[in-house]
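Residue-level structural notes
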Amino acid sequence: MNTRFPFVDWFRNSSPYINAHRGRTFVILIEGEAMAQGRGEQLIQDLALLHTLGVRLVVVFGIRPQVNVALEAAGVTPVRYDGRWVANDAIMACVERVAAEQRLWLEARLSLGLPNTPLHGVELTAVSGNLVMAKPLGVREGVDFDHSGEVRRVRASAIQALLEQGSLVLLPPLGFSSTGEVFDLDASEVAQQAAVALKADKLILLGEADGLHDESGALQRQLTPSEAEPLRHHWQPGSELDRHLAAACRAARYGVARTHLLSWHDHDALLGELFTRDGIGTMITQHRYEQLRAAQLGDIAGLLELLEPLERRGMLVARSRERLEHEIDDYLVIDRDGMIIGCAALHAFAEAQMGELACVAVHADYRGGARGELLLAETERRARRLGLTSLFALTTHTTHWFFEHGFRLAELSELPTLKRDAYNHARKSKILLKPLG
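Residues numbered from 1 in each chain as written. Predicted model: local features only at pLDDT ≥ 70, side-chain atom pairs only at ≥ 80, totals over all residues. Heavy atoms only, no water.

Our next topic: empty space enclosed by the protein. A water-sized probe, rolled over the atoms, reveals where empty space remains. The tally for this structure, following the rule as stated, stands at 1 cavity of 30 Å³ or more. Lining the largest cavity, in full, are Leu205, Gly207, Glu208, Ala209, Glu240, Leu241, His244, Leu261 and Leu262. If one sorts the elements of the lining of the largest cavity by residue count, helix α9 (residues 240–253) sits on top with 3 residues. Considered class by class, the residues forming the lining of the largest cavity number 5 nonpolar, 2 polar and 2 charged. (1 Å grid on protein atoms, 1.4 Å probe; cavity = no way out; pocket = protein on both sides within 12 Å on 5 of 7 lines; lining within 4 Å. Points joined across faces, edges and corners; volume = space filled by probe spheres on them. Helix = DSSP H or I, 4+ residues; strand = E, 2+ residues; numbered from the N terminus. Nonpolar A, V, L, I, M, F, W, Y, C, P; charged D, E, K, R; others polar.)

The topology assignment puts Ala191 in helix α7 (residues 187–197). We classify Ala191 as buried; its relative accessible area is 0%. In the structure, Ala191 is positioned 126 residues away from Val317 in sequence and 52 Å away in space, judged by C-alpha atoms. If near-sequence neighbours (up to four positions away) are discounted, Ala191 is found in contact with Val27, Leu29, Val60, Leu203 and Leu205. (Buried < 20%, exposed > 50% of the residue type's maximum accessible area, 1.4 Å probe, protein only. Contact = heavy atoms within 4.5 Å.)

Let us look at the side chain of Ser429. Considering the arrangement of structural elements, one finds Ser429 in the loop between α15 (417–421) and β25 (430–435). Of the residues examined, Ser429 reaches a relative accessible area of 11% and is grouped as buried. Filtering out sequence-adjacent residues up to four positions away, Ser429 remains in contact with Leu394, Thr395, Thr396 and Tyr423.

Moving on, we come to the pattern of salt bridges. Any two side chains of opposite charge can pair if their charged atoms end up close together. As enumerated under the stated definition, the model contains 21 salt bridges in all. Of the charged contacts in the structure, one is a salt bridge between Arg381 and Glu378, with a shortest N-O distance of 2.9 Å. Of this pair, Arg381 and Glu378 both sit in helix α13 (residues 371–385), 3 residues apart, roughly one helical turn. Classification of Arg381 as partly exposed rests on a relative accessible area of 38%. Several salt bridges share partner residues, and in doing so they unite Glu31, Asp186 and Arg243 into one network. (Salt bridge = Lys/Arg side-chain N within 4 Å of Asp/Glu carboxyl O.)

Next up, the structure:
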């Protein structure tokens, strides 16, 4: 049933994610350009909302554009090499000052609790400190990087203690050495290392790009690290997207369940990615969140919900819960982040070496993505493993789909005896047959 208020439907659909995210640890990188372009206020409101929903937040902030402005004002021209600048004393003076200013600004905005503001009534404690240990990049290919460094260690236990106290942890792109030095760090490396050290549930990288696109320009919703890493050759080494993609892939390989590439230009990106099933940007994960698998008893409710509209339209024969439970081992499902969006069943007639392809269904919102073909291919593999030599199907609506996938019209006499005797003449279903080579 539609509502007069679209937000109400969105809120209902987001409730599983609200529950799933509670108590989880998210590391979120906000690049300095977002703050420089005035997006800080909105992002802080979104962070406060996540905090109130019980998400444990570690926020890494970039400062590159602000430092560039400070260097220009000071008449300092940085030397860049391989995407990093050589942080001499003059540059480090600007880096340290800007990092402190940005941290103070974030802490002030996160403390805002005035009436008529989204943060009204939210008591949020933001904490920073010497939580990232660093070491110098040193001399590389004859270039002395001076105060430019890399992460040596993230003090995970100290950060965990702060999160357990209900604090939001802020991490600037700075690191400290055991000798008391301060090093300029790459913010995306800080975020990646923090996510891995904390065994974070998510690493979210907010930059200029809205994600990764294929050659036709279509947004890639989900990739594995091995699929995503080859795309780095499209971008200049050291560019923001190159750095973000490298950080996302490394984090995924080292145990961070899901990493997300989002654009801070999109006001809905952060919440849209976290509280909708399909998300907004690109997710990189070792484990696909849409998977084809054998059905389980816990899938019965999802199967009933998927099949009911098709049964109501007469496209499928109605199946009771008891029947589904009895036949559950025959079913394959496509599970998309906990929602059953596709299914198919293989009922074997071993004495005739035939199998019935039954109950092929894909959710209306997810058609057109070759999911039916995926279900058919896996069903055929199952049938071959069982020693079956052909598949048959009965349909009243989708004859041409079966024709397109190698089936032909067949006679009732070609069906196994048990199926022939149970044929419903009132439905007048078309009989289709496909040999398995």
